[in-house]
Amino acid sequence: MAGDSPEEAFEREWRRQLFTLALEDLAACAAREGKQLQLAIFEAYDLAAAERPSYAALGARHDIAETAVTNHLAWARRTLRGFVTERLQGVTPGERELRQEMRRIWI
């Protein structure tokens, strides 16, 4: 963004790339595990470019109960967090630094 310091621009791009790679990991995992519906619901809700649909609307769209939408989102979010953590473990020297990075990126 205009006016960002080089450090802020680097941080923003690094975070964007980290999540892009973790989202690719999530998509591959969903394909392997037959969880394309969970991924589709996650993308429609958490990655919505416009207004998010309601859980009820997502349930109706996919012919599942609203509680199933909640469960599918929970699976996708938990799995994505695992992939982000896995990728951060590869670039942090220890558990303390990993926790610091995790807190910093989930702001």
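Up top you'll find the structure we're talking about.
Owing to the predicted nature of the structure, the values given are computational and were not obtained by experimental measurement.

Some words on the side chain of Asp25
Counting through the fold element by element, Asp25 comes out in helix H1 (residues 6-33). Ignoring anything within four residues of it in the chain, the contact list for Asp25 reads Phe83 and Arg87.

Quick word on the packing of H1 against helix H2 (residues 36-46)
At a minimum axis distance of 8 Å, the contact between H1 and H2 shows a crossing angle of 145°. Across from Leu23, Leu26, Ala27, Ala30 and Ala31 in H1, the residues of H2 making contact are Gln36, Leu39 and Phe42.

Here's the deal with unusual backbone geometry
The phi dihedral of Asp63 is positive, around 55°, even though this residue is not glycine. Within the secondary structure, Asp63 is located in the loop between helix H3 (55-62) and helix H4 (66-89).

Examining the nonpolar core
The biggest cluster of nonpolar side chains holds 23 residues, and the ones touching the most others in it are Leu26, Phe42, Val84, Leu88 and Ile105. Contributing elements (two or more residues each) for this core: H1, H2, H4 and helix H5 (95-105). Among the elements that make up this core, the one with the highest residue count is H4 (eight residues). Ignoring sequence-local partners within four residues, the contact set of Phe42 consists of Leu23, Leu26, Leu47, Leu73, Ala76, Arg77 and Leu80.

Considering H5
Along H5, the residues that are buried comprise Leu98, Glu101, Met102 and Ile105. On an axial view of H5, the arc spanned by its buried residues comes to 100°, and they lie on one face. Every exposed residue of H5 that faces more than 90 degrees away from the buried side is listed here: Arg96 and Arg103. Buried residues belonging to H5 abut H1 and H4.

Definitions and limits used
Residues numbered from 1 in each chain as written. Predicted model: local features only at pLDDT ≥ 70, side-chain atom pairs only at ≥ 80, totals over all residues. Heavy atoms only, no water. Helix = DSSP H or I, 4+ residues; strand = E, 2+ residues; numbered from the N terminus. Contact = heavy atoms within 4.5 Å. Axes fitted to C-alpha atoms, helices over the stretch in contact; angles between N-to-C directions. Core = buried A, V, L, I, M, F, W, Y, C linked by side-chain atoms within 4.5 Å. Buried < 20%, exposed > 50% of the residue type's maximum accessible area, 1.4 Å probe, protein only. Arc of directions from axis to C-beta.

Coordinates in, geometry out; function isn't part of it.
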